[in-house]
Amino acid sequence: QSNEKGVTNKIKSTSNIILKTHWKEDYSANGYESFNSVIETKNGGFVCVGESTVLDNVSLGDAIIIKYSKDGSKLWETNLLGDDTDYYTDVVEDDNGNLYAIGKTFSSNVGFVNNNNDPNAIIVKYTSSGAQDWIIDYNDGGRQINFDDIVVSGNNLFIVGNKMYNGSRTSFIQICNKDDGLIQKLVHLEDINFNTNIKSIIKLADDSFLLLGNSIKKDSLEEYPLAIKVKSDGSKMWSYDLSINSNINKEGGFNSAVELSDSTILLGGYTQDATRKSSLIVKLNKDGSVLWENIKSNNN
């Protein structure tokens, strides 16, 4: 059994998964359906979240969550059924089997006041049997805000996302109490010369967290792969930005990472220029220093 720990983008596991074609399950309702994330539950089943067209109005999407047994049988299915577009981007399970789905809603009838149908980021807690426990919205005074990834650690939820305001993008890590969804701490990942675009968060063996995405130069809008390590309180330990720390100096982004048994970290992503897009692998020490970098393109 491998000692490696980590995630592959949008597919997460609490243990090793072997994908087999013992069964196949299609979900189809009345138009457009999409699963944005799937996790393995602690009892060996699976939970999928995403978006489905609302049956009585196919122009609107609705946030959906479905739980399956390990043999592919549907255990339960539920959705928000809001009066406007809703969708889930990710989900995580705690030690008690509760589920926490993150996403976005434009609706005004899903548990909070939204008179202008503004875009609101949401966290929804479900019990292991699919009952909705609570729903919390975050709109930051009307700014466009997105939740992209979530992990659970102890009694807290750790969420990464992005805020758009006046053409600029700022990433953040939001720490919430998992019992009620209330914010314990909000840390903005800002830089005087760069916007940030964090898409993934990974819990490491020392209870710190690795954040993955892009940095965006404010003067040129060039995007470079970015990884940030933070403590459990959200404070930054180190960051690795391809435009600063590397001789590669190409645009791109990080999509996934694996923490190895010796606490070194493999980062996977891509670089691109005007003619081609290439795969990128970087190995870092646990202090963020570079061990090696490799780009693989069709011309190599």
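Quick caveat, the model's predicted, so the values are computed rather than measured. (Residues numbered from 1 in each chain as written. Predicted model: local features only at pLDDT ≥ 70, side-chain atom pairs only at ≥ 80, totals over all residues. Heavy atoms only, no water.)

Looking at this model, I keep getting lost on the overall build of the protein. Mind explaining?
Helix and strand counts for the protein stand at 1 helix and 22 strands. Considering only contacts within the protein whose residues lie at least 6 apart along the sequence, 43% involve residues at least 24 apart. For the protein, the computed accessible surface area is about 14,600 Å², with 44% contributed by carbon and sulfur atoms. (Helix = DSSP H or I, 4+ residues; strand = E, 2+ residues; numbered from the N terminus. Contact = heavy atoms within 4.5 Å. Areas by Shrake-Rupley, 256 points an atom, 1.4 Å probe, with all protein chains shown as cover.)

Looking at this structure, how should I read the sheet that holds strand β10 (residues 132-138)?
Through backbone hydrogen bonds, the strands of a sheet pair up, either in parallel or in antiparallel fashion. Strand order in the open sheet formed by 4 strands is β7-β8-β9-β10, and the pairing between neighbours is antiparallel. At either end of the open sheet lies a strand with only one pairing partner, and these are β7 (86-93) and β10. Strand-to-strand twist across the sheet, computed as the mean angle between neighbouring axes with direction ignored, equals 20°. As paired strands, β7 and strand β8 (residues 99-105) are joined by 7 bridges and run antiparallel to one another. What sits directly across from Tyr 87, in β8, is Lys 104. (Pairing = 2+ DSSP bridges. Axes fitted to C-alpha atoms, helices over the stretch in contact; angles between N-to-C directions.)

Before we go on, may I ask you to explain the pairing of strand β19 (residues 251-259) in this structure?
Remember that side chains alternate between the two faces of the sheet whenever the strand is regular. Relative to strand β20 (residues 265-272), β19 is paired through 8 bridges, and the arrangement is antiparallel. Note on β20: the bridge partner recorded for Phe 254 is Gly 269. If you look at the hairpin formed by β19 and β20, you'll find 5 residues sitting between the two strands, and Ser 263 has a positive phi there, around 75°.

In this structure, what is going on with the confidence of the model for the protein? I would like to understand it.
Low pLDDT marks stretches whose predicted atomic positions should not be read closely. Here the protein averages 83 in pLDDT, while 81% of its residues score no lower than 70. Here residues 1-21 scores under 50 on pLDDT; set against residues more than four positions off or in separate chains, the count is 43 contacts. (pLDDT = per-residue confidence, 0-100.)

Can you help me understand the packing of aromatic side chains in this one?
Between two aromatic rings, the relevant description is the distance of the centres plus the angle of the planes. What the rule picks out here adds up to 6 aromatic pairs. With 5.5 Å between their ring centres and 65° between their planes, Tyr 138 and Phe 147 make a pair best called edge-to-face. An identical accessibility class is assigned to Tyr 138 and Phe 147; each is buried. Grouped by ring-pair contacts, the aromatic residues Tyr 138, Phe 147 and Phe 172 constitute a single cluster. (Phe/Tyr/Trp six-rings, centres within 6.5 Å; stacked < 30°, edge-to-face > 60°. Buried < 20%, exposed > 50% of the residue type's maximum accessible area, 1.4 Å probe, protein only.)

Would you mind showing me how to read the pattern of salt bridges here?
For the structure shown, the criterion picks out 7 salt bridges. When the shortest N-O distance is used, the salt bridge between Glu 77 and Lys 74 registers 2.8 Å. Using a relative accessible area of 33% as the deciding quantity, one classes Glu 77 as partly exposed. Note that Asp 133 and Lys 125 form a salt bridge whose closest N and O atoms lie 3.6 Å from each other. Overall, Asp 133 belongs to the partly exposed group, its relative accessible area being 44%. On the basis of relative accessibility, which here comes to 7%, the residue Lys 125 falls in the buried class. (Salt bridge = Lys/Arg side-chain N within 4 Å of Asp/Glu carboxyl O.)

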